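Architecture and fold: a report
Listed below, chain by chain, are the residues.
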Amino acid sequence: MKEILSGNEAIARGAFEAGVKVASAYPGTPSTEILENIVAYPGIDASWAPNEKVALEVGIGASFGGGRALVTMKHVGVNVAADPLFTLSYTGVNGGLVLVTADDPEMHSSQNEQDNRNYAKFAKVPMLEPADSRECKEFTRLAFELSERFDTPVMLRTTTRSSHGKSIVELSEPVTGLPEPKLVRNAAKLVMLPGNARVRHPFIEERTRRLAEYGDSAVINRLELRDPTVGVITSGVPYQYVREVLPNVSTLKLGMVHPLPATLIREFAAKVERLFVVEELDPFIEEQVKAMGLTVVGKEILPLCGELSPAIVRRAFAGIGIVGATHALLPPFIPIDLPGRPPNMCPGCPHRGVFFTLNQLKAYVTGDIGCYTLGFMPPLSAMDTCICMGASVGMAAGVAKVVSAEEQQKIVGVIGDSTFLHTGINGLMEMVYNQSPATLIILDNRITAMTGRQDNPASGFTLMDAPTHRIDLALLCSALGVKHVRTIDPFDLAETKSVISEEMNRPEPSVIITDKPCVLVKREGVFEKGVLLEVCEESCVGCRACLKIGCPAIEWLPTDGKKGKSHIDPLLCSGCAVCHQLCKFDAIGRVI
Amino acid sequence: MNSTVTNILLVGVGGQGILLASEILAETVMLAGYDVKKSEIHGMSQRGGSVVSHVRYGREVFSPTVPEGEGDILFGFELMESCRYLQLMKPGGKVIANDLKIQPPAVLSGQMAYPDNLPELIRSRFPDFLLVDGQQLATQAGNPRAANTVLLGAVSRLLDIPEEFWFKALERMVPAKALEVNRKAFLMGREL
Ligand SMILES: Cc1ncc(C[n+]2csc(CCOP(=O)(O)OP(=O)(O)O)c2C)c(N)n1
């Protein structure tokens, strides 16, 4: 049967067809939908882990227990999971283990655009890179076979375009006859003490050599001979761009980007007059081809930053006369300078009032990653740093170590519930252990909102939507030794302001937890709309105070020149009433 | 350039149902026997940001995104967003847009004005630009929320795909209880 699937849906399907027993992940764009889709297949234990390191460790356990395991994450998640990954490379697997890294060239929704092909080489594990949804499914199946055949974890690298792009996939039946999982002890292979690890390392080097040899004749490394004057080595989505704009050139399409098939590459190089590499981000293939002593052109004509596109590939090859310029190279038609449309916190978002208050209090905010990172945008403009998940806490402690006692009072770390449990909790241990004067605000909206509402250990539900224990964040902070843990209603601006400023002034570790849910949570009894608000036209003096919270439900209706009045869109208003508290003229009231 | 491929852009604001519309379109052309690829960015765009979905179909499709300057049809759910992506269109391409304005943050807060001459601007470059009052037609069909389907109907006239495949795709992608309204809305757009 044929279906149109996204790359993520196809990977879920491929894992099901491969007989996967366990799937573990921490959400992260563009990888999240793999686990969200895998729950539809029978016989798979699928779950969210608190972070990527734990997700990989769950996968490793399942593999050692003899089951096939899928672990998925976004590219930066691999940084978190890198510790187990590098030693898993030494132990190898029992049941096949596939680690999906979903990279994000162009940073459509990420804080950096690291090229995780480097991880494959660094950790010495093979990496497959699909170019469309069909390959996402096929390569996932193949990855499990290779994992067991070569006794290695296998990485599968997607990029935003292959993860979220959709194309036609032919479905197949799941494999049968896989061995039943059971406990098997094998200390020499699974206990990586120096003595055992020293024995494993030469095996790893030999494994890489054998994998390269496999790559020389593997069907996923495809030599397509067309015009012999130009040859392009490429892989993943860039292959599609090459075929799109250079339909006649010869290509060597690599399905396995690590280790590289050296013999096949030499064979290809010998058959074409000029050799090129078309790859996104780092010159990963190019440098290795150059190290083989071959003459090749890559990043001389293609960018190191951002994703490629048909236009970029066309421009690069037009620049050296290999393809004709077309109208695509003419200046594009942009009629006028349009106002931008950046993403915004939703109407009724519980984060809004907190950032409004932090701005008022002139706090120095060490921020973190989540919907609340939008607190950086005007008019809230209340975030001073953002590095990676969990960093807000340790950084608040660090900044406080160097500034004056007076400035220490300004330092506030801000973190979401999911992010706190991901890697923020270790930072809080630092704050308590070393008695930091900084303040931490945990924005507990009961969900991992940024990535599309996934449950987490503090939401009370699992990926399968089963009720489970809900971690009590206040109790957890107290147990760590924070003496001042306060819970606030972030819709109450007066309370929010007085509690935050009290805790900022306290020269000891303190934690403030907000307790209003995300407006997008659909589960019954979590988020409920309040009574809607409206602007009384007669009372509104047009002072614009209510516009300072940047709520999408409040619009400015200009009358003449600079004057105007506010208006609340009843379809968008969620009734949080934060705007009501900003109006000194009592012009905003509840709809009766 | 691969001239046997048709390039369609669906553009608008996060939350307008663009992904579903592009899914129906992709399903239709697959049912009609074509190869099809679709690409868009999820993530930040969900929070009221600008959204563009690329749908390409033909005998064999390579790039999942429409090459700059090769868009055949732009199908806009909101006026300003319709303008934003015109640069992807080829000269002489067809533009159909919903007559709807959704104010971006800078306009909401009174710092900028929503440009008022957008239909004329689009028409100056794309003379057979079609402006559709999707909401009103959908209300006539029985539900203002079926505006996207009206637009889909208007776009369907530009594509050489038999009607049966559109209906089959609607049947597969739209919940049963909304099917009748959506059929009606589709036909209203198709007859414009
Ligand atoms: C290591 C890593 N994993 C995953 C992500 C993707 N990601 C960004 S923010 C976020 C979680 C946000 O949830 P929460 O902290 O609860 O804040 P909310 O969005 O709900 O406000 C995730 C999973 C990331 N940026 N880095």
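Throughout this document, residue positions are counted from 1 along each chain, in the order its sequence is written. Chains and ligands are labelled by the order in which they are written, letters from A for the one and numbers from 1 for the other. Only residues with pLDDT of at least 70 get local features here, since the model is predicted, and only at 80 or more are side-chain atom pairs given and counted; chain-wide, interface and lining totals rely on the full set of residues. Excluding hydrogens and water, the side-chain values take into account all heavy atoms of the structure.

1. Topic: the packing of helix α6 (residues 133-150) of chain A against helix α9 (residues 194-217) of chain A
Residue and element names in this part refer to chain A. Let me state the cut-off plainly: Structural elements are reduced to axes, namely lines fitted to C-alpha atoms, with helices fitted over the stretch in contact, and the angle between N-to-C directions of any two is expressed from 0 to 180 degrees. Strands here are runs of E lasting at least two residues and helices are runs of H or I lasting at least four, both read from the DSSP assignment and numbered beginning at the N terminus. For this classification, under 35 degrees means roughly parallel, over 145 means roughly antiparallel, 65 to 115 means roughly perpendicular, and everything else is oblique. Helix crossings are classified by the rotation of the near helix relative to the far one: an anticlockwise turn of less than a right angle makes the crossing left-handed, while a clockwise turn makes it right-handed. It only takes one pair of heavy atoms within 4.5 Å for two residues to be counted as in contact.
One can describe the packing of α6 onto α9 by two numbers: an axis separation of 11 Å at closest approach and a directional angle of 135 degrees. Judged on the interaxial angle alone, α9 and α6 are oblique. As α6 runs across α9, the sense of the crossing is right-handed. Here L142, L146, R149 and F150 of α6 come into contact with α9, specifically with F203, R207, R210, L211 and Y214.

2. So, the packing of aromatic side chains
Any aromatic ring pair is given by two values, namely how distant the centres are and how the planes are angled relative to each other. Put simply, the rule is: Classification of ring pairs rests on two measures: the distance between centres of Phe, Tyr or Trp rings, Trp counted by its six-membered ring, which must be within 6.5 Å, and the angle between planes, read as stacked under 30 degrees, edge-to-face over 60 and tilted in between. Relative accessibility under 20% of the residue-type maximum defines a buried residue, over 50% an exposed one, and the middle range a partly exposed one, all with a 1.4 Å probe and only protein chains included. Charge over a ring is defined by NZ of Lys or CZ of Arg lying within 6 Å of the ring centre and within 35 degrees of the ring normal.
Tallying each qualifying case throughout the model produces nine aromatic pairs over all chains. On the basis of an interplanar angle of 65 degrees and a centroid distance of 5.8 Å, the ring pair of F150(A) and Y214(A) is categorised as edge-to-face. Note that F150(A) is positioned in helix α6 and Y214(A) in helix α9, a separation of 64 residues in sequence. When sorted by exposure, F150(A) lands in the same class as Y214(A), which is buried. Every member of this aromatic cluster is reached through a ring pair, and the members are F86(A), Y119(A) and F122(A). Positioned above the aromatic ring of F203(A) is the side chain of R200(A), whose terminal nitrogen or guanidinium carbon lies 4.3 Å from the ring centre. The ring of F167(B) carries the charged tip of R183(B) above its face, separated from the ring centre by 5.0 Å.

3. Details of the sheet that holds strand β11 (residues 249-254) of chain A
All names here are of chain A. In plain terms, the rule: The pairing criterion for strands is at least two bridges between them, as found by DSSP.
The strand order across the open sheet built from four strands is β9-β11-β10-β13, with neighbouring strands paired in mixed fashion. Looking at the sheet topology across the chains shown, the edges are occupied by β9 (221-224) and β13 (274-278). Geometrically, the sheet is characterised by an average inter-axis angle of 20 degrees between neighbouring strands, direction not taken into account. Across four bridges, the pairing between β9 and β11 is antiparallel. Bridge pairing in β11 places E224 opposite T251.

4. What to know about the pairing of strand β5 (residues 89-98) of chain B
Residues and elements named next belong to chain B. Test applied: If the strands point away from the viewer and the path from the first strand over the helix to the second runs clockwise, then the crossover is right-handed.
Direction of pairing for strand β4 (residues 71-76) relative to β5: parallel, over a ladder of five bridges. Each residue of the ladder has a partner; that of G71, found in β5, is M89. Traced from β4 through helix α2 (residues 79-84) to β5, the parallel crossover comes out right-handed. Taken together, the three bridges between β5 and strand β6 (residues 130-132) define a ladder with parallel strand orientation. Within β6, the residue paired with A97 across the bridge is L131.

5. Some words on the interface of chain B and chain A
The criterion, for reference: When two parts are brought into contact, each loses some accessible area as probed by a 1.4 Å sphere; the total of that loss over both is the buried area. Salt bridge, as applied in this entry: a Lys or Arg side-chain nitrogen positioned within 4 Å of an Asp or Glu carboxyl oxygen. Polar contact is the term for a pair of N or O atoms within 3.5 Å; when the atoms are in protein, one must be able to donate a hydrogen and the other to accept it, and sequence-neighboring residues count only if both atoms are side-chain atoms.
Across the boundary between the two partners, chain B contributes 55 residues, which contact 50 residues of chain A. Across the chain B to chain A interface the summed buried area is about 4,700 Å²; carbon plus sulfur atoms make up 62%. Where chain B meets chain A, there are five salt bridges. The residue E68(B) makes a salt bridge to R315(A) at a minimum N-O spacing of 3.2 Å. Remark: the boundary between chain B and chain A carries 14 residue pairs in polar contact (both at pLDDT 80 or more). Within the residue set of the side of chain B that touches chain A, elements represented by two or more residues are α1 (18-31), β2 (35-40), β3 (50-58), α2, α3 (105-108) and α4 (118-125) of chain B.

6. A look at the pairing of strand β5 (residues 97-103) of chain A
Residues and elements named next belong to chain A. The element β5 is largely enclosed, with a buried count of seven among its seven residues. Side chains of β5 alternate between two faces, with L97, L99, T101 and D103 and V98, V100 and A102 buried alike. For the segment spanning strand β4 (residues 69-74), helix α4 (residues 75-91) and β5, crossover handedness is right-handed. With six bridges joining them, β5 and strand β7 (residues 154-159) adopt parallel strand pairing. The residue of β7 that forms the bridge with L99 is M155.

7. Remarks on helix α3 (residues 52-64) of chain A
Residues and elements named next belong to chain A. Keep this limit in mind: The length a helix should cover is 1.5 Å for every residue beyond the first.
With 13 residues, α3 ought to run about 18 Å at 1.5 Å a step, and its terminal C-alpha atoms sit 18 Å apart, in line with that. Buried residues of α3: E52, A55, L56, G59, I60, A62, S63 and F64, and no others. Against β2 (22-25), β4, α4, β5, α8 (187-190) and α17 (417-433) lie the buried residues of α3. By the N-cap criterion, in which a side-chain oxygen at the helix start approaches the backbone nitrogen of a residue two or three places on, α3 is capped by N51, the distance to K53 being 3.0 Å. Positioned one or two residues after α3, G66 has a phi angle of 105 degrees, which is positive.

8. Section: the side chain of E286(A)
All names here are of chain A. Its place among the elements puts E286 in helix α12 (residues 284-291). Polar contacts involving the side chain of E286 include one to the main-chain amide nitrogen of K299, which spans 2.8 Å. Apart from residues no more than four positions distant in its own chain, E286 is found in contact with V277, E279, V296, G298 and K299.

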